[in-house]
Amino acid sequence: MPYLPDSGFDRVAPFYDRLAHVVYGRALEQAQQALMPYLPRKGRVLVIGGGSGWVLGQLLQTGRQLEILYLDASPAMLRRAKKRYRRYQPAHPCTVSFRLGTEHSLQPHEQFEAVLTPFLLDLFPPPRLQQLMARLASALVPDGSWLFADFWPLQQPPPRWQRLLLRSMYGFFGLVSGVQAKQLPAYGAHFRALGFEETHSSSFFKGMVQAKVFRRKASAQLTDRDKKG
């Protein structure tokens, strides 16, 4: 497997799920689950940075006719997601393809009705995050939905216990997985710069984790259609 710049989660793949459950209980899965009603009834869905595949099982259980591209930069995480998919027994109307890579692995013609970023955007410093989000925005159809689940404290500044937990998280994953970010991004500013507005929000883990749905503003949709035309 080739080395990718965002593949540092190989080292934590064997114990990542257990660690997340110990620290956050079911909160991270619950945040992802809260986004499922906002998927299209049918269409293409990009899952980027889904790791070992928690969210894949959630997608398959929706009963929706989805063509899912599961994109991850960690070979070890991708292997686990494939294994989880092979073990999934109930019949479902989805098709799933797996791809090793980053957003740079997306083809120029590929377009999606929904883009799902589960606990991904917190990993990158601002310049890299700006590039990543711009590429994902260009892969989303004009009236598509960006489904976001990540650490985004409701209370600003965050309570002391949340600050300590975030500091520990960044310290650990920076050391073990090479995560370059040192603090949470200004997500709202990045989404606004790309012409998105929030249409739904719910919070978990005492307000430290949020699940949000973003869609392009009407003016941004028109501009995007003009460009494509």
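All of these numbers come straight from a predicted model, not from anything done at the bench. (Residues numbered from 1 in each chain as written. Predicted model: local features only at pLDDT ≥ 70, side-chain atom pairs only at ≥ 80, totals over all residues. Heavy atoms only, no water.)

**Structural notes on the overall build of the protein chain**
We apply this condition: Here a strand is any run of E in DSSP of at least two residues, a helix any run of H or I of at least four, and the numbering for each starts at the N terminus. We compute the radius of gyration from the C-alpha atoms alone; for a globule the expected value is 2.2 Å times N to the 0.38, where N is the number of residues. Buried means the residue's accessible area, taken with a 1.4 Å probe over protein chains only, is under 20% of the maximum for its type, while exposed means over 50%, and partly exposed covers the values in between. The contact criterion used throughout is that any non-hydrogen atoms of two residues lie within 4.5 Å. Accessible surface is estimated by sampling points in the Shrake-Rupley manner with a 1.4 Å probe; for residues, cover comes only from the protein chains shown. The convention is simple: Lys and Arg are positive, Asp and Glu are negative, and His and the chain ends are not counted. The atom standing in for a charge is NZ when the residue is Lys, CZ when it is Arg, CG when it is Asp and CD when it is Glu.
A count of helical and extended segments in the protein chain gives 8 helices and 7 strands. Computed over C-alpha atoms, the radius of gyration of the protein chain comes to 17 Å, within 12% of the 17 Å expected from 2.2 N^0.38 for 229 residues, which places it in the range of a compact globule. With the principal axes as the frame, the protein chain shows a C-alpha extent of 50 × 40 × 35 Å. Within the protein chain, the fraction of its 229 residues that count as buried is 53%. When contacts within the protein chain are restricted to residue pairs at least 6 apart in sequence, those whose partners lie at least 24 apart make up 75%. In the form shown here, the protein chain has an accessible surface area of approximately 11200 Å², with 53% of it arising from carbon and sulfur atoms. Looking at the protein chain, you have 30 positive and 16 negative side-chain charges, and the mean spots of the two groups are 6 Å apart.

**Observations concerning the nonpolar core**
Convention followed: Working definition of a nonpolar core: buried Ala, Val, Leu, Ile, Met, Phe, Trp, Tyr and Cys residues. They are joined through side-chain atoms within 4.5 Å.
L46, I68, L121, W146, F151 and F191 are the most contacted members of the largest nonpolar core, which has 69 residues in total. For this core, the element with the most residues is strand β5 (residues 140–151), which contributes 6 residues. L121 has contacts with L129, L132, M133, W146, F148, D150, P185, Y187 and F191, leaving out every residue within four places of it along the chain.

**Remarks on helix α4 (residues 75–87)**
Condition: The span expected for a helix works out to 1.5 Å for each residue beyond the first.
In a regular helix each residue adds 1.5 Å, so 13 residues correspond to 18 Å; α4 covers 19 Å between its end C-alpha atoms and thus fits that length. Buried within α4 we find P75, A76, M77, L78 and A81. Check the buried side of α4 and you find it contacts α1 (16–24), α3 (54–60), β2 (65–72) and β3 (95–100).

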